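Structural overview
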Amino acid sequence: MQNSGDGNCPFEFNFSPESFKVGDTVSYRVPAMGDFPFVAEIKAVYEDHIEIAGPDQPEKWMRATRESRPIVADDVALS
């Protein structure tokens, strides 16, 4: 796991899809928002995707791709 590199980031991110586990913090993207980073906690891990929830809506689980910076579909993230 790594943080943003400057030592001031309050989050420690896991950028390694092979080691994703429930409870890890990831930086995810939403295509409509460009490369803007969002933070979420992994709630479930599957072979081909993960489910995440952001700190502002922990009850809203979102399906995301399983890659170093997961992608959440626009219609899911922006609903």
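Check the entry above for the structure.
Residues numbered from 1 in each chain as written. Predicted model: local features only at pLDDT ≥ 70, side-chain atom pairs only at ≥ 80, totals over all residues. Heavy atoms only, no water.

**Re the overall build of the protein**
- If you tally the helices and strands in the protein, you get one helix and four strands.
- When the helices and strands of the protein are placed in sequence order, the string is β-β-β-β-α.
- Its C-alpha atoms give the protein a radius of gyration of 12 Å, near enough to 12 Å, the size a compact globule of 79 residues would have.
- The proportion of buried residues among the 79 residues of the protein is 32%.
- Restricting the contact set of the protein to residue pairs at least 6 apart, pairs at least 24 apart contribute 29%. (Helix = DSSP H or I, 4+ residues; strand = E, 2+ residues; numbered from the N terminus. Rg over C-alpha atoms; globule rule 2.2 N^0.38 Å. Buried < 20%, exposed > 50% of the residue type's maximum accessible area, 1.4 Å probe, protein only. Contact = heavy atoms within 4.5 Å.)

**What about the pairing of strand β3 (residues 49–53)?**
- In terms of residue burial, β3 counts as a mostly covered element, since four of its five residues are buried.
- Of the pairings in the sheet, the one linking strand β2 (residues 38–45) to β3 comprises four bridges and is antiparallel in character. Note on β3: the bridge partner recorded for valine 45 is isoleucine 50.
- In this antiparallel pair of consecutive strands, β2 and β3, the connection spans three residues.
- Sheet analysis places β3 next to strand β4 (residues 62–65), joined by four bridges and oriented antiparallel. (Pairing = 2+ DSSP bridges.)

**Observations regarding the sheet that holds β4**
- An order of β1-β2-β3-β4 is seen for the four strands of this open sheet, with the pairing classed as antiparallel. Edge strands, defined here as strands with exactly one partner in the open sheet, are β1 (25–28) and β4. Adjacent strand axes in the sheet meet at a mean angle of 55 degrees, parallel and antiparallel pairs treated alike.
- For β1 and β2, the ladder comprises four bridges, and the chain directions are antiparallel. Directly across from threonine 25, in β2, lies its bridge partner glutamate 41. (Axes fitted to C-alpha atoms, helices over the stretch in contact; angles between N-to-C directions.)

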